[in-house]
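Here is what each chain is made of, one letter per residue.
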Amino acid sequence: KLYENIDSLSKLHGVFRIETNGGTCMVASGLYDEQKSNAASVAQFAVALLQSTRDMFLEDESRTSQATLMLRIGCHVGSVVASVVGNRK
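For clarity, every value in this text was computed on a predicted model and none was experimentally measured. (Residues numbered from 1 in each chain as written. Predicted model: local features only at pLDDT ≥ 70, side-chain atom pairs only at ≥ 80, totals over all residues. Heavy atoms only, no water.)

Novice: Provide a residue-level description of the side chain of Thr53, including the pertinent values.
Specialist: Relative to the assigned elements, Thr53 resides in the loop between α2 (38–52) and β3 (57–59). Residue Thr53 is classed as buried on the basis of its relative accessible area, which comes to 3%. The contacts of Thr53, once residues within four sequence positions are left out, are Leu2, Asn5, Leu69 and Leu71. (Helix = DSSP H or I, 4+ residues; strand = E, 2+ residues; numbered from the N terminus. Buried < 20%, exposed > 50% of the residue type's maximum accessible area, 1.4 Å probe, protein only. Contact = heavy atoms within 4.5 Å.)

Novice: So what about helix α1 (residues 2–13)? Which residues, and what values?
Specialist: A turn of α-helix holds 3.6 residues, and therefore any two residues three or four places apart point the same way. In a regular helix each residue adds 1.5 Å, so 12 residues correspond to 16 Å; α1 covers 16 Å between its end C-alpha atoms and thus fits that length. Taken as a whole, α1 has its buried residues at Asn5, Ile6, Leu9 and Ser10. In an axial view of α1, the angular spread of the buried residues amounts to 130°, which keeps them on one side of the axis. Among the exposed residues of α1, those pointing more than 90 degrees away from its buried face are Glu4, Lys11 and Leu12. Of the surrounding secondary structure, the elements contacted by the buried residues of α1 are β1 (16–21), β2 (24–28) and α2. Positioned one or two residues after α1, Gly14 has a phi angle of 70°, which is positive. (Expected span 1.5 Å × (residues − 1). Arc of directions from axis to C-beta.)

Novice: Which residues make up the pattern of salt bridges, and what values go with them?
Specialist: A complete count under the given rule lists one salt bridge for this structure. A salt bridge links Arg17 to Asp7; its shortest N-O distance comes to 2.6 Å. Of this pair, Arg17 sits in strand β1 while Asp7 sits in helix α1, placing them 10 residues apart in sequence. (Salt bridge = Lys/Arg side-chain N within 4 Å of Asp/Glu carboxyl O.)

Quick look at the structure:
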């Protein structure tokens, strides 16, 4: 459910989900189209993600209780350097 939420919010805010690996999700804005507000798009996505996961719980299979989902979000603004190994992303 969390990954579906990330995908729908990234589409809504015009950010591109680059990678989701373990507990990390990386998004970027302005890679394919110039926007005047790339930083704002990423920040709005981050706030929307926090708000949408506020009531989301993680099921603990070893216990009968639930754990609250906690997110840590950081943003970087500036140039990006990337490379592709192989033929595909």
